[in-house]
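Residue-level structure breakdown
These are the residues of each chain, in order.
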Amino acid sequence: MIPTVNVCWRALNEIDAGKCEGMTYDEIKKEMPEVAAARKKDKLRYRYPQGESYVDVIQRIEPVILELERQREPVLIVAHNAIIR
């Protein structure tokens with residue numbers, strides 16, 4: 001058995017889509033066309049209504065990245081695809 005330390009950081013949660021949480025992109029496009037258009041225009045900086053932008057996510061995970069850089073042993077990260085990118 002390899003000894004492990006399990007840590008759960010909420011900072012690694014997926015992007016908070018606010019009012020669009022749980023909706024598919026097709027549903028957003030149909031039900032909230034202005035949201036879909038604004039997101040398409042600037043995906044990096046677009047902030048979902050009552051949610052986050054990718055810039056917000058980058059700022060949120062920065063402390064985690066700094067902590068990971070300090071690690072001297074292998075690390076396994078399990079997170080949402082947008083966070084891993």
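As the structure is a computational prediction, the values presented were derived from the model and not from experiment.

Notes on the environment of E14
With respect to the element layout, E14 can be found in the segment before α1 (25-31). Overall, E14 belongs to the partly exposed group, its relative accessible area being 40%. With 43 residues separating them in the primary sequence, E14 and V57 have C-alpha atoms 8.3 Å apart. Excluding its chain neighbours within four sequence positions, the residues that come into contact with E14 are E52, R60, H80 and I83.

Considerations on unusual backbone geometry
Unusually for a residue other than glycine, Q50 sits at a positive phi of about 60 degrees. With respect to the helices and strands, Q50 occurs in the loop between α2 (33-41) and α3 (54-70). Overall, Q50 belongs to the exposed group, its relative accessible area being 65%.

Things to note about the packing of aromatic side chains
For the structure shown, the criterion picks out one aromatic pair. Both rings, one in Y46 and one in Y48, keep their centres 5.5 Å apart while their planes meet at 80 degrees; by these two values the pair is edge-to-face. Note on accessibility: Y46 and Y48 belong to one class, buried.

Describing the nonpolar core
One broad trend across soluble globular proteins is that nonpolar side chains are buried collectively. Judged by nonpolar contacts, the single largest core of 16 residues is most densely connected at C20, I28, V35 and Y48. Mapped by element, the contributors of at least two residues to this core are α3 and α4 (81-84). For this core, the element with the most residues is α3, which contributes four residues. Beyond its immediate stretch of four places on either side in the chain, I28 contacts C20, M23, P33, V35, A36 and Y48.

Considerations on the pattern of salt bridges
A full pass over the atoms with the stated rule returns four salt bridges. For R47, the salt bridge goes to D56, with nearest N and O atoms at 2.7 Å. Since its relative accessible area comes to 17%, D56 is described here as buried. Between E52 and R60 there is a salt bridge, and its shortest N-O distance comes to 2.9 Å. A relative accessible area of 22% means that R60 is categorised as partly exposed.

What counts, and where the lines are drawn
- Residues numbered from 1 in each chain as written.
- Predicted model: local features only at pLDDT ≥ 70, side-chain atom pairs only at ≥ 80, totals over all residues.
- Heavy atoms only, no water.
- Helix = DSSP H or I, 4+ residues; strand = E, 2+ residues; numbered from the N terminus.
- Buried < 20%, exposed > 50% of the residue type's maximum accessible area, 1.4 Å probe, protein only.
- Contact = heavy atoms within 4.5 Å.
- Phe/Tyr/Trp six-rings, centres within 6.5 Å; stacked < 30°, edge-to-face > 60°.
- Core = buried A, V, L, I, M, F, W, Y, C linked by side-chain atoms within 4.5 Å.
- Salt bridge = Lys/Arg side-chain N within 4 Å of Asp/Glu carboxyl O.

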